[in-house]
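# Chains, contacts and geometry: an overview
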Amino acid sequence: MSPATGGGCCDTVVLMDGGAVLVKTGDLLQRAAGLPRHFGRALLDTLYPPLCLNCEAAVADADALCGTCFKELRPITAPLCPRLGLPFQASLGADALSAEAIADPPPFERARSAVIYNDVARAIVSRLKYGDRPELARFCARLMAGAGAELWEGSPVLVPVPLHPLRQIGRRYNQSAELARKLGHFAGLKVEPTLVRRVKRTRQQVGLSAEQRVRNVAGAFAAHPESLARNGVRRVVIVDDVITTGSTIKAMTRALKKAGIAEVDMISFARVVPGHDA
Ligand SMILES: [Zn+2]
């Protein structure tokens with residue numbers, strides 16, 4: 001029956017029916033749109049229960065460590081050297097520097113790290129770097145946001161240690177850039193991954209002596225003057241996964257200072273602390 005031949009009441013019914021169907025469809029669509037979030041999460045948790053990021057034991061929340069592994073992490077907390085961020089056994093006073101900072105003053109102002117580089121930290125870093133587990137970055141960045149709290153004052157720009165373009169090809173991502181991105185999210189800071197470039201393809205620092213490391217990364221970085229000017233950058237916090245001897249971040253700091261950045265700090269997830277074996 002076409003509306004033209006039917007009575008007024010039928011036309012109204014047809015229209016209302018159609019209208020009701022539309023409303024119902026809309027409602028269904030709306031509810032269906034909500035499904036993947038709740039249903040999907042529950043389904044995923046049933047099919048793939050969240051596992052410890054280190055040992056793969058079952059855990060309650062995704063992107064977390066189990067209790068046993070978490071206890072193995074050694075957070076670096078005060079008292080520490082205000083310059084190098086190395087932990088002290090006992091407080092020597094607020095401004096007391098470590099022997100290392102006095103003997104060999106670094107070009108950066110302050111370094112902070114979330115945890116001591118031990119077995120668990122090494123496992124996390126190596127999975128972050130080579131295991132294609134970018135979700136680990138969220139876990140690390142959360143700890144880094146707390147460890148570097150005093151560095152975030154004045155809204156510095158976060159700059160990850162860049163990979164050489166040729167090395168980046170072999171990897172799906174730069175772990176330092178992933179850390180910086182997540183840290184920027186937690187600390188509410190801008191991230192500029194292209195401010196500093198690697199202009200020299202260096203050897204891996206692993207296995208080199210402290211002196212070889214310094215030579216290896218000398219002149220390896222160049223700050224991008226155009227980006228610095230365009231972004232009006234005044235303070236930079238370099239982001240890396242691990243500090244070993246610090247030669248990489250020192251070389252990067254020198255490049256930034258040469259390009260006119262007065263204040264450079266650095267934050268890493270882990271750091272090698274003499275006397276604490278990895
Ligand atoms: Zn575990």
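Keep in mind it's a predicted model, so treat the numbers as computed, not measured.

Glancing now at the overall build of the protein chain. Across its full length, the protein chain holds 10 helices and 6 strands. Sorting the 278 residues of the protein chain into buried and exposed places 42% on the buried side. Of the roughly 15,300 Å² of accessible surface on the protein chain, a fraction of 58% belongs to carbon and sulfur atoms.

Here the focus is the coordination of the zinc ion. Taken together, the protein ligands of the zinc ion are Cys-52 (SG), Cys-55 (SG), Cys-66 (SG) and Cys-69 (SG), with distances of 2.3 Å. Because the angles between the 4 donor atoms bound to the zinc ion fall within 104 to 115°, the donor set is best described as tetrahedral. On the accessibility criterion, Cys-55 (41% relative accessible area) is partly exposed.

Attention now moves to the pairing of strand E6 (residues 263-271). With 8 of 9 residues buried, E6 is to be regarded as a mostly interior element. Sheet analysis places strand E1 (residues 110-116) next to E6, joined by 6 bridges and oriented parallel. Each bridged residue has a counterpart across the sheet, and for Ile-116 the counterpart in E6 is Arg-271. Judged from the 8 bridges that link them, strand E5 (residues 235-243) and E6 form a sheet pairing that is parallel. Residue pairing in the sheet places Ile-243 in a bridge with Arg-271 of E6.

Here we take up the sheet that holds E1. Adjacent strands of a sheet form backbone hydrogen bonds with each other and so pair up, either parallel or antiparallel. As summarised here, the arrangement of the 4 strands in space is E1-E6-E5-E2, forming an open sheet in which the pairing is parallel. Each end of this open sheet is capped by a strand with a single partner; those strands are E1 and strand E2 (157-160). Sheet twist, expressed as the mean angle between neighbouring strand axes with direction ignored, is 25°. Its contacts with the sheet put helix H7 (residues 175-187) on E2, E5 and E6, and the angle it makes with E5 is roughly 125°. Of the strands in this sheet, E2, E5 and E6 are in contact with helix H10 (residues 247-258), which crosses E5 at around 165°.

We now examine the pattern of salt bridges. Here the structure, examined in full by the defined rule, presents 13 salt bridges. Between Asp-265 and Arg-235 there is a salt bridge, with its nearest N and O atoms 3.0 Å apart. Placement of the pair is Asp-265 in strand E6 and Arg-235 in strand E5, with a sequence separation of 30 residues. No difference in accessibility class separates Asp-265 from Arg-235, as the two residues are buried. A single salt-bridge network, built from bridges that share partners, covers Arg-110, Arg-235, Glu-263 and Asp-265.

The omega torsion of the bond from Ala-78 to Pro-79 falls at 0°, within 30 degrees of zero and hence cis. For Pro-79, the location among the structural elements is in the loop between helix H2 (67-72) and helix H3 (99-103). Unusually for a residue other than glycine, Glu-56 sits at a positive phi of about 70°. As for its placement among the helices and strands, Glu-56 is situated in the loop between helix H1 (8-47) and H2. On the accessibility criterion, Glu-56 (41% relative accessible area) is partly exposed. Not every positive phi belongs to a glycine, and Ser-155 is a case in point at roughly 50°.

Of note, Asp-240 is situated in strand E5. Despite being buried, Asp-240 has no salt bridge partner; Arg-198 is the closest side chain of opposite charge, sitting 6.8 Å away. The residues contacting Asp-240, other than those within four sequence positions of it, are Met-144, Val-161, Ser-176, Leu-179, Ile-249, Met-266, Ile-267, Ser-268 and Phe-269.

With that settled, consider helix H5 (residues 136-147). The end-to-end C-alpha separation of H5 is 17 Å, in line with the 16 Å expected for 12 residues at 1.5 Å each. If you check which residues of H5 are buried, you get Leu-136, Ala-137, Phe-139, Cys-140, Ala-141, Met-144 and Ala-145. On the buried face of H5, the contacting elements are H2, E1, helix H4 (119-130), H7, E5 and E6.

A packed helix pair is summarised by two numbers, namely the angle formed by the two axes and the spacing between the axes. With their axes 9 Å apart at the nearest point, helix H8 (residues 210-217) and H10 run at an angle of 35° to one another. Where H8 crosses over H10, the handedness of that crossing is right-handed. Side by side, H8 and H10 meet where Arg-213, Val-214 and Val-217 of the first sit next to Ser-247, Thr-248 and Ala-251 of the second. For the contact of H8 with H10, the residue count by class is 3 nonpolar, 2 polar and 1 charged.

Attention now goes to the environment of Phe-269. Structurally, the position occupied by Phe-269 is in strand E6. Between the alpha carbons of Phe-269 and Ser-176 there is a distance of 9.6 Å; along the sequence they are 93 residues apart. Ignoring anything within four residues of it in the chain, the contact list for Phe-269 reads Ser-113, Ala-114, Val-115, Ala-121, Ile-124, Val-125, Cys-140, Leu-143, Met-144, Asp-240 and Asp-241.

Conventions and cut-offs
- Residues numbered from 1 in each chain as written.
- Predicted model: local features only at pLDDT ≥ 70, side-chain atom pairs only at ≥ 80, totals over all residues.
- Heavy atoms only, no water.
- Helix = DSSP H or I, 4+ residues; strand = E, 2+ residues; numbered from the N terminus.
- Buried < 20%, exposed > 50% of the residue type's maximum accessible area, 1.4 Å probe, protein only.
- Areas by Shrake-Rupley, 256 points an atom, 1.4 Å probe, with all protein chains shown as cover.
- Donors = N, O, S within 2.8 Å, 3.2 Å for Na, K, Ca; no water.
- Tetrahedral: all angles 85-135°; square planar, octahedral: opposite > 155°, others 65-115°.
- Pairing = 2+ DSSP bridges.
- Axes fitted to C-alpha atoms, helices over the stretch in contact; angles between N-to-C directions.
- Contact = heavy atoms within 4.5 Å.
- Salt bridge = Lys/Arg side-chain N within 4 Å of Asp/Glu carboxyl O.
- Lys, Arg positive; Asp, Glu negative; His and termini not counted.
- Expected span 1.5 Å × (residues − 1).
- Left-handed = near helix turned anticlockwise from the far one by under 90°.
- Nonpolar A, V, L, I, M, F, W, Y, C, P; charged D, E, K, R; others polar.

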